[in-house]
Amino acid sequence: MTKFIVVSGGVVSGIGKGVIASSTGLLLKTTGLKVTAIKIDPYMNIDAGTMRPQEHGEVYVLNDGGEVDLDLGNYERYLNVTLSRDNNITTGKIYREVIEKERRGDYLGKTVQIVPHVTNAIQDWIERVSRVPVDETGEEPDVCIVELGGTVGDIESAPFVEAMRQFQFRVGYDNFALIHVSLVPDMHGEQKTKPTQTTVHALRGLGLLPDLIACRLTVRKPLEPATKAKISMFCHVASDQVIGVHDVSSVYHVPLLLQSQGIVQFLQKRLNLSSVTLTQQAIERGLDLEKRWKEMTSRQERLYDEVMIALVGKYTDLQDSYMSVVKSLEHSAFRSHRKLNLRWVNASDLEPEAQVSNPARYHDAWKAVVSADGILVPGGFGDRGTEGMMLAITWAREQKVPFLGICLGFQLAVIEWARHVCGYTEATSTEFVQNTKQPLIIFMPEISKTHMGGTMRLGLRPTVFEPDSDKWSKVRKLYGGAEKIWERHRHRYEVNPEFIDQLNASGLSFVGRDEKGERMQILELQDHPYFVGLQAHPEFCTRPLNPSPAFLGFVAASSSSKVLQEQMDLQMKTFKPPHPVHAMVSEAELRPADPPTLGKEVAIAASDE
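Cut-offs applied
- Residues numbered from 1 in each chain as written.
- Predicted model: local features only at pLDDT ≥ 70, side-chain atom pairs only at ≥ 80, totals over all residues.
- Heavy atoms only, no water.
- Pairing = 2+ DSSP bridges.
- Helix = DSSP H or I, 4+ residues; strand = E, 2+ residues; numbered from the N terminus.
- Axes fitted to C-alpha atoms, helices over the stretch in contact; angles between N-to-C directions.
- Contact = heavy atoms within 4.5 Å.
- Salt bridge = Lys/Arg side-chain N within 4 Å of Asp/Glu carboxyl O.
- Buried < 20%, exposed > 50% of the residue type's maximum accessible area, 1.4 Å probe, protein only.

Chemist: Please give an account of the sheet that holds strand 21 (residues 509-513) that cites residues and values.
Modeler: Sheet strands associate in pairs through backbone hydrogen bonding, adopting either a parallel or an antiparallel arrangement. Pairing in this open sheet of nine strands is mixed, and the strands run 13-12-14-15-23-22-21-18-19 from one edge to the other. Unpaired on one side and paired on the other, strand 13 (339-346) and strand 19 (484-491) mark the two borders of the sheet. When the angles between neighbouring strand axes are averaged without regard to direction, this sheet yields 25°. Looking at chain direction, strand 12 (residues 306-313) and strand 14 (residues 374-377) are connected through three bridges and run parallel. Residue pairing for strand 14: Ala-310 is matched across the bridge by Ile-375. Running at roughly 145° to strand 13, helix 14 (residues 359-370) makes contact with strand 12, strand 13 and strand 14 of the sheet. Lying on the sheet, helix 15 (residues 386-398) is in contact with strand 12, strand 14, strand 15 (403-406) and strand 23 (531-534); it crosses strand 14 at an angle near 145°.

This is the structure:
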């Protein structure tokens, strides 16, 4: 029987439930258990695909093309698992399933209600997904972490809270535990418990009793013993059931912080985890994971050499918009033995207009770009800021500064090259100028022009390196010299095949293409320390102990040519793809047919994204 650990939150949203849920799962993996995770988002959207990054943060893409909440990225990175779109439950998905059943007559004429039909659908979904293998063993998980998004007491989350109340009896006491995450404000040095008392009281009134209360403190000061005792007394839990989670130097220290307070021992006793049969191989795998994680975190504390990266993006006002990009840079910096100094640059501030409208921001932006050791241009939609991004790309190319372009950054690198090297002065993308005379980037023919949700080229896709690229390509060496690699995609536009020959002849090498050789997926310049662009989003496949090769090469090259050579040599010997073996197949096998578009969605202008 699968063991379930539900993580709920109170007082405020964005309190850190995702990191605490991921850290708990990681700690259980160190004991040899197999762990999966599910995120519940109570919004009405079917998925996160049509949300603006400033609205909800990054849209995380899974192997199967699911566009999901960024917390699933935390789960995959911490637990080293491969999840599916079903691991993200939304109100929209549940209601769609219930309504489709009602239309088919599955409820046999009964009145369809929130209780029991919606709550049963939620429970059935969780039980079904919890049994799906997600790691390299290919076996059913032992533990399922369920993160309940939002805040207890919200109207929109009420059906999910009620479903969890029922679920604890469906699976039994020994198979259900609840961790409630609450805020403990620090008011002028005094830790206040009243918000936690209030949210736990509300939770108990809804029929759920917390087994552990994780107290978030947004300061570096740990939870005081007196505060712990007070919460224990007024929230009806023992003192060892109250855990302090204060701010630490890095989120990668959170598992160790929880471990030091006995969370593993408590859960082993509470869920009778000793009844789960573990092989010696599983135990050794867990011990090795614990050892490598502790080595990584201790090494991080001893980093002194710094690498400065300028991230030139569109959505820099909400840094969660680039969550996976930042994590990829962090993981790569750990491996390169460097302390990451990340400079956020709004691409619009680099454009000439900004020099007139806001000269201070213009000069600050260019100061960050010209002083950076490496320049990164991530993905995005619409034309806002793209001229500023191309100015940064020109600087990186001409000044031999390491550069990495992701998705939109890859496409803009092609346009920049076409304008300044090939002489196509009007080169642009049909995303920006629909009737341009020199469309270097075009809309993909198979993509819907009327529906935005779930209609892009999404999910894991193979890329084949050019035959002679093994002699010189840095990025290929970083992927272990493989002939074919797999990365996740999320785009509607591609390089126009009509211009490929001219671009190649001028020195822009497309070292990676799709299996038919028709779509350009990786570009690289030979006579440059590191100038690489990928149509895919390699940041979605990074792991703390197995950094994304493209990002690793970028950070290493930004550190020094020596560090880059060391990492290329190491990757040639040790690189292992993070994907399950069964997923690394041809595109025809991965995408036998595009799924039909469900529902009717409103098309939005590209500039709105």
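Alright, that's what it looks like, and here's the rest.
Chemist: Kindly report on the sheet that holds strand 11 (residues 242-246), identifying the contributing residues and their values.
Modeler: Read from one edge of the open sheet, seven strands run 5-2-6-1-7-10-11, paired in parallel fashion. Across the chains shown, the open sheet's two edge strands, defined by having one partner strand only, are strand 5 (88-90) and strand 11. In this sheet, adjacent strand axes meet at a mean angle of 20° when their direction is disregarded. Alignment of strand 2 (residues 35-41) against strand 5, held across three bridges, turns out to be parallel.

Chemist: Can you tell me about the pattern of salt bridges, naming the residues and giving the values?
Modeler: Counted under the stated rule, the structure contains 32 salt bridges. As a salt-bridge pair, Arg-216 and Asp-247 come within 3.1 Å of each other at their nearest N and O atoms. Placement of the pair is Arg-216 in strand 10 (residues 212-217) and Asp-247 in the loop between strand 11 and helix 9 (254-260), with a sequence separation of 31 residues. Accessibility expressed as a relative area gives 14% for Arg-216, which makes it buried. One network of salt bridges, with partners in common, ties together Lys-39, Asp-41, Asp-69, Asp-71 and Glu-147.

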